[in-house]
Amino acid sequence: MALMQIAEPGMSPEPHQARLAVGIDLGTTNSLVATVRSGMPAVLPDAHGRALLPSIVRYVDSQRIEVGYAAQARQSDDPKNTVVSVKRFMGRGVKDAAHIENAPYDFVDGPGMLQIRTVAGVKSPVEVSSEILRVLRERAELSLQGNISGAVITVPAYFDDAQRQATKDAGRLAGLNVLRLLNEPTAAAIAYGLENASEGTYAVYDLGGGTFDLSILKLSKGVFEVVATSGDSMLGGDDFDQRVFCWVVEKAKLAPLSAQDMRLLLVKAREAKEYLTFHGEARITAKLSSGEFVDVVLDTETFCSITQTLVQKTLVPVRKALRDAGLRADEVKGVVMVGGATRMPQIQRAVGEFFRRDPLNNLDPDKVVALGAAMQANVLAGNKPQGEDWLLLDVIPLSLGIETMGGLTEKIIPRNTTIPAGRAQEFTTFKDGQTGMSIHVVQGERELVSDCRSLARFELKGIPPMVAGAARIRVAFQVDADGLLSVSAKESTSGVEASVSVKPSYGLGDADIERMLRDSFEHAREDMHSRALAEQRVDGQRLIEATRAALAADAGLLSLEEKIAIEAAIATLEKRLPASDHRPIKQAIEALNRATDEFAARRMDAGIKRALSGRQIGSL
Amino acid sequence: MQNHFDLFGLAPAFSIEGEALERSYREIQSKVHPDRFAHAGDAERRASLQWTTRVNEAYRTLKDPVQRARHILELHGVDVAFETNTAMPPEFLMQQMELRETLEEAKDAAALDELRADLKQESDSLQKAIAEAIDVKKDYRGAAGLVRKLQFLDRLDEEIDSAYEEIE
């Protein structure tokens, strides 16, 4: 008979304590953080009850930083140090960013991503974004009264590898354990689909502040499958503001503007745009620093006509996604509208006309992405029992390939491939005795490399000299569940192997992240140490729990010696957890990971066998 | 080489039941997908990534008629030789040239829609012939020629996609 266990007083383990996980919508205009509490997703408001955090960061001086409403209030007075819509610059160089001539910043063009000169020094978009994420992390920790075990951060589905990498780096820099990068339309589909118990094919039309996404998903019991995605990562509500701004400048015949006046008029343009959603006309008034007065009236008709090309521009990706999915517009059961910019009546009308059905608006377009992200974070944290959770199958938005002779692109993984995905292709040498090969990784749909985004370049050296065409160089691409790429290359004919892995050049290296983390904790060295220690302890504890659960379920897959070796590695890690230095804990974690490699592979095989036999029994 | 049909517990055949494949794919994914292991250790996350990648690749291969046929032929030791064997019956080449001319002359979406519908019919009858050759006659060498034809049609379909984009 099994004996009942009684814990020591005060040491009783919590009955399956849920891990605190959050979903973050890091938007161009506003950002939000949400979580699932007692089974319900909810956005976490700030101390004043406000759900939205304006995505605006102001560097007040070398020490102080304002984020959100405080920064927003000062944006016209201090435009050079107040960064708005930073998402537009993520993973971008100066030449790729739109409307750069109308942005009042001192840009510094770096080798990869552009940077902005502020009173607090030169800042990269990753650092600016991490300030927004940090405020949201603190908000969540305060509200949930505990450390966040992990976060899901959303990105536009059409973000390329560089933009995704930059977002993930910003999360790490903000001290978040990024469980997953989740595509915004997919997040919206989760929130929407579960709320409405929908089945069938749906389109998500997501027009945010600076990005446009169109995803087509098949929703069926417990599965969200993205069939095709398309979009424009340089098109959003901001562009409508720009059109109004240009119209005002022309209408009022204004002379070239100072940075302050430019910011002021852009704010007024945005207000007018929002006002026109519910009114027939909007009056725009402003007193400029030059002494000029602006007083113009914009009516709905004019607003629609100056923005008509933008509305039409969104329909191009819509048609493309439908073609990729092999569907007609009338085969789509519903169109979910996401993003604040979809409030504009002309957008609603154009989408309704295209799909010949009323768009679905029953969830708040500002909050639906954060809510879906929170629901996914809750699943990833393991807080939902199997059977009540769901499966998400997403795709890469743009083809990945390498440059071949003549500056042409050879696609290795085509767009709309379900991730994680891996593919390898063989290449050969061009000249006799060639011992090196330069590999240029690109992303995009165009034939010419110069029309695609360059992600990384690296050299494969040490190829044994052979006649041209004899070497066999295998280039392998691997895209993970975040949609992030890693590439390796290997020469295999002669048995000599050279292999290299790259991180795309737009992303920051691990060393950069560490340096930035160090800088940000410069005034609190202790803090950094204790943070590293806390992280390793959490990781270690998590790994022990996961391994024990695996042993309890599948110990039968191991020989006695293997089981003993794993248990010994658990014991070592457990003994080291209370240590005051994070390094021995880290080593023990790595050792336990190595010890369970083979076990993990066998469990995966066994899981598949079970899945298949279950199906056969079920269909008998 | 790996037999993708085995992975999904299906008998190797060109005519497969799409629903059975999809069901099996989803059942396996629900066991191995990285979302199931977001909080697991490195070893399990690595194994999950490798498995999911393999399952996705196998699913993609079996879903696509050209790739599925090619896979079956390879399992029987027959190389479809897309790259090296471009010899085609003259009447097929003539027909292809005509289709490409129609494509070049197509100036609007309606014309492209029509061309695509014709192509779909062509492709459907070719797929019937491939099913007959592989599943009934077990004539794998004969099937290889048909698969090359189907590949031709697929390429034309891609060109139609680019033509749509140019019109826009």
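What you see is a predicted model, and the numbers here were worked out from it, not measured in a lab. (Residues numbered from 1 in each chain as written. Chains lettered and ligands numbered in written order. Predicted model: local features only at pLDDT ≥ 70, side-chain atom pairs only at ≥ 80, totals over all residues.)

With that settled, consider unusual backbone geometry. Outside of glycine, negative phi angles account for most residues, and trans bonds account for most peptide bonds. Residue and element names in this part refer to chain A. The omega angle of the peptide bond from I419 to P420 is -5 degrees, so this bond is cis rather than trans. Its location among the elements puts P420 in the loop between β21 (408–413) and β22 (421–427). You will see that S38, though not glycine, has its phi angle at about 45 degrees, which is positive. As for its position among the elements, S38 is in the loop between β2 (30–37) and β3 (40–43). Backbone geometry places Q145, a non-glycine residue, at a positive phi of 55 degrees. Here Q145 falls in the exposed class, since 7 other C-beta atoms lie within 10 Å of it. (Helix = DSSP H or I, 4+ residues; strand = E, 2+ residues; numbered from the N terminus. Buried ≥ 20, exposed ≤ 12 C-beta atoms within 10 Å, placed from the backbone.)

Another aspect to go through is the interface of chain B and chain A. You'll often see interface size given as the accessible area lost when the parts meet. Each side of the interface is counted separately: chain B has 32 residues, and chain A has 39 residues. Mapped onto the side of chain B that touches chain A, the elements with two or more residues apiece are α2 (18–32), α3 (42–63) and α7 (140–167) of chain B. If you tally residues by element for the side of chain B that touches chain A, the top one is α3(B), at eleven residues. The residue inventory of the side of chain B that touches chain A, partitioned by class, reads ten nonpolar, eleven polar and eleven charged. (Contact = placed C-beta atoms within 7 Å. Nonpolar A, V, L, I, M, F, W, Y, C, P; charged D, E, K, R; others polar.)

Once that is clear, we can look at the domain arrangement of chain B. Taken domain by domain, chain B holds domain 1 (4–63) and domain 2 (90–167). Centre-to-centre separation of domain 1 of chain B and domain 2 of chain B, based on C-alpha positions: 30 Å. (Domains from an automatic or database assignment.)

In this section: the sheet that holds strand β13 (residues 200–207) of chain A. Residues and elements named next belong to chain A. Here five strands make up an open sheet; going across it, the order is β18-β13-β14-β15-β19 and the pairing mixed. Taken across any chain shown, the strands that pair with only one partner, and hence form the sheet edges, are β18 (334–338) and β19 (391–393). Each neighbouring strand pair of the sheet contributes to a mean axis angle of 25 degrees, computed without reference to strand direction. As paired elements, strand β14 (residues 212–220) and strand β15 (residues 223–232) share nine bridges and run antiparallel to each other. From the neighbouring strand, S215 faces β15, where its bridge partner is T229. (Pairing = 2+ DSSP bridges. Axes fitted to C-alpha atoms, helices over the stretch in contact; angles between N-to-C directions.)

Turning to the nonpolar core, a few remarks are in order. The biggest cluster of nonpolar side chains holds 173 residues, and the ones touching the most others in it are V22(A), I24(A), A151(A), A188(A), A189(A), A373(A) and A377(A). When residues in this core are grouped by element, the largest group, ten residues, is from helix α9 (residues 368–380) of chain A. When sequence neighbours within four positions are dropped, the list of residues in contact with I24(A) reads S31(A), V33(A), L133(A), L136(A), A151(A), I153(A), T154(A), A370(A) and A373(A). Core analysis: the second largest hydrophobic core is formed by 13 residues, F14(B), V66(B), L73(B) and V147(B) among them. (Core = buried A, V, L, I, M, F, W, Y, C linked by C-beta atoms within 7 Å.)

A separate point is the packing of helix α7 (residues 300–325) of chain A against helix α8 (residues 345–355) of chain A. When two helices pack together, their arrangement is given by the angle between their axes and by how far apart the axes lie. Residue and element names in this part refer to chain A. For the pair α7 and α8, interaxial distance at closest approach is 10 Å and the crossing angle is 40 degrees. Here α8 runs oblique to α7, going by the angle between their axes. The chirality of how α7 crosses α8 is right-handed. Across from C304, T307, V311, L315 and V318 in α7, the residues of α8 making contact are Q346, I347, A350 and F354. For the contact of α7 with α8, the class distribution of residues is seven nonpolar, two polar and no charged. (Parallel < 35°, antiparallel > 145°, perpendicular 65-115°, else oblique. Left-handed = near helix turned anticlockwise from the far one by under 90°.)

Before going further, it helps to spend a moment on the domain arrangement of chain A. Domain boundaries assigned for chain A yield domain 1 (21–195 + 365–389), domain 2 (400–508) and domain 3 (521–610). Each of domain 1 of chain A and domain 3 of chain A was reduced to a C-alpha centroid, and the two centroids are 31 Å apart.

Here we come to the packing of helix α2 (residues 125–144) of chain A against helix α3 (residues 161–173) of chain A. Residues and elements named next belong to chain A. Here α2 crosses α3 at 50 degrees, and the two axes come no closer than 8 Å. One way to sum up the angle between α2 and α3 is to call them oblique. Crossing geometry of α2 relative to α3 is assigned as right-handed. For the pair α2 and α3, contact is made by P125, V126, E127, S129, S130 and L133 and by A166, D169, A170, G171 and L173, respectively.

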